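# Overview (structure and organization)
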Amino acid sequence: MSSGVEPVPAEAPAPPKESRGLLAVIIIIVVAVGAVGVYLAYNHLASGSKYPWLFRGAYADYEGQGTVAIFPVKMKMHLEVVDYNETHARLLMRATVSTMGINKTSTNVTWVDLWKEDYLVSGKQPDKVYDETINVKGIGELKCRVFEYHEDSSVTRIYVDKNTLWPVKFEFEEPGLGSLELTITKSNIPGLKG
C-alpha cells in the first residue's frame, strides 16, 4: 500500500550550468563592488577633501551584456551610498541578470570600513594597476585608474574615474564560461551626470 509520499532523493540535483554561471557572475560583482567601496572610502579620508559621491543617495546605474555558457546575458546594476558616518559607509548594490527570458536579481548591502586601506577582490590585491582613458556614452571622455585581477584563468577589471573616484565600468572574462561588461549609464554624482 502506497502512502502517496515520494521518498526524498539522496542528492539534490545540481543546478543547470547556465544558472551556476549566472550566479558566479553575480557573486563576482558583489565582491568587486565591496572592494570598490573600500577604495572609495579610503581615498576620501586619505585625501582629506570631500568627493562628490559622499552623500546619502549618491548613485550610479550600469548596464551591460555578454555571454555566459554560450547564452546571451544582459545585466543592470544599481550602486548607491545609503548611509555613512565617521568610520563606515554603507553601500547598496542591486543587480539583475537576464537570459533566455529569465531574470535573477541579487541585492547586497555592505558596510565598508572607512579606515581600511586594502583594495581587495576575493582577498587579493590587484595584479595590475594602470591608467586608461575611456569614452562613456552620455558622459564623455573619462580618465580612469584600472584595477585588474587575475584568478586562475579569469580576469576582472574595474575602471575608476580619477576625478570622482567612482567606478564607471566593470569587465569580467572567464574562458569557457563567458564575459560581461557593465558601463555606467546614469548617475546623480557631479562629474558623472550625462
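Moving on, we come to the overall build of the protein chain. For the protein chain, the count of helices and strands is one helix and nine strands. For the protein chain, the succession of helices and strands along the chain, N to C, is α-β-β-β-β-β-β-β-β-β. Taking all 194 residues of the protein chain together, the buried fraction comes to 41%. Here the contacts in the protein chain between residues at least 6 apart in sequence split such that 50% fall between residues at least 24 apart.

Looking now at the pairing of strand 3 (residues 88-99). As paired strands, strand 2 (residues 71-84) and strand 3 are joined by ten bridges and run antiparallel to one another. What sits directly across from Lys76, in strand 3, is Thr96.

Once that is clear, we can look at the side chain of Glu148. Tracing the sequence through the fold places Glu148 in strand 6 (residues 140-151). At 2.9 Å, the side chain of Glu148 and the side chain of Arg157 are in polar contact. The contact partners of Glu148, leaving out residues within four places of it in the chain, are Pro126, Asp127, Lys128, Tyr130, Val155, Thr156 and Arg157.

Next up on the list: the nonpolar core. Most often, soluble globular proteins keep nonpolar side chains buried together rather than apart. Counting 35 residues, the largest nonpolar core has Tyr62, Trp166, Val168 and Ile184 as the members making the most contacts within it. Other than its neighbours up to four places away in sequence, Tyr62 contacts Met75, Lys76, Met77, Leu79, Trp166, Pro167, Val168, Phe170, Leu182, Thr183, Ile184 and Thr185.

Here the focus is the confidence of the model for the protein chain. In this model, the protein chain carries an average pLDDT of 75, and 66% of its residues clear a pLDDT of 70 or more. Model confidence for the protein chain, summarised as mean pLDDT per element, is weakest for helix 1 (residues 17-47) at 50 and strongest for strand 5 (residues 128-136) at 94. Here residues 44-50 is a poorly scored stretch, pLDDT under 50, and it has eight contacts once near neighbours within four places are set aside; other chains count.

Applying the stated criterion to the full structure yields one aromatic pair. Pairing Tyr62 with Phe170 gives two aromatic rings, centres 5.4 Å apart and planes at 70 degrees, and the pair type is edge-to-face. Placement of the pair is Tyr62 in strand 1 (residues 59-68) and Phe170 in strand 8 (residues 167-174), with a sequence separation of 108 residues. Judged by its relative accessible area of 0%, Phe170 falls in the buried class. Of note, Lys169 hangs over the ring of Tyr159, and the distance from its end group to the ring centre comes to 5.1 Å.

In total, this model carries nine salt bridges according to the counting rule given. For Asp83, the salt bridge is made with Arg56, and the minimal N-O distance between the two is 2.9 Å. With Asp83 in strand 2 and Arg56 in the loop between helix 1 and strand 1, the pair connects residues that are 27 residues apart, well separated along the chain. In this structure Asp83 comes out as partly exposed when scored by relative accessible area, which is 23%. Classification of Arg56 as exposed rests on a relative accessible area of 52%. Of the charged contacts in the structure, one is a salt bridge between Glu148 and Arg157, with a shortest N-O distance of 2.9 Å. For Glu148, a relative accessible area of 4% puts it in the buried group. Residues participating in the shared-partner salt-bridge network are Lys128, Glu148, Arg157, Lys169, Glu171, Glu173 and Glu181.

Bringing the pairing of strand 7 (residues 154-161) into the picture now. Put simply, side chains in a regular strand alternate between the two faces of the sheet. Burial of strand 7 is extensive: eight of the eight residues sit out of reach of the surface. Neither face of strand 7 is left uncovered, since the one carrying Ser154, Thr156, Ile158 and Val160 and the one carrying Val155, Arg157, Tyr159 and Asp161 both have all their residues buried. Linking strand 6 to strand 7, which pair antiparallel, is a turn of two residues; within it Asp152 sits at a positive phi near 55 degrees. By the bridge criterion, six bridges tie strand 7 to strand 8 in an arrangement that is antiparallel. Its bridge partner being in strand 8, Val160 is matched across the sheet by Pro167. What sits between the antiparallel neighbours strand 7 and strand 8 is a turn of five residues, in which Leu165 has the positive phi angle 55 degrees.

The rules we used
- Residues numbered from 1 in each chain as written.
- Predicted model: local features only at pLDDT ≥ 70, side-chain atom pairs only at ≥ 80, totals over all residues.
- Heavy atoms only, no water.
- Helix = DSSP H or I, 4+ residues; strand = E, 2+ residues; numbered from the N terminus.
- Buried < 20%, exposed > 50% of the residue type's maximum accessible area, 1.4 Å probe, protein only.
- Contact = heavy atoms within 4.5 Å.
- Pairing = 2+ DSSP bridges.
- Polar contact = N/O pair within 3.5 Å; in protein donor to acceptor, adjacent residues only side chain to side chain.
- Core = buried A, V, L, I, M, F, W, Y, C linked by side-chain atoms within 4.5 Å.
- pLDDT = per-residue confidence, 0-100.
- Phe/Tyr/Trp six-rings, centres within 6.5 Å; stacked < 30°, edge-to-face > 60°.
- Lys NZ or Arg CZ within 6 Å of the ring centre and 35° of its normal.
- Salt bridge = Lys/Arg side-chain N within 4 Å of Asp/Glu carboxyl O.

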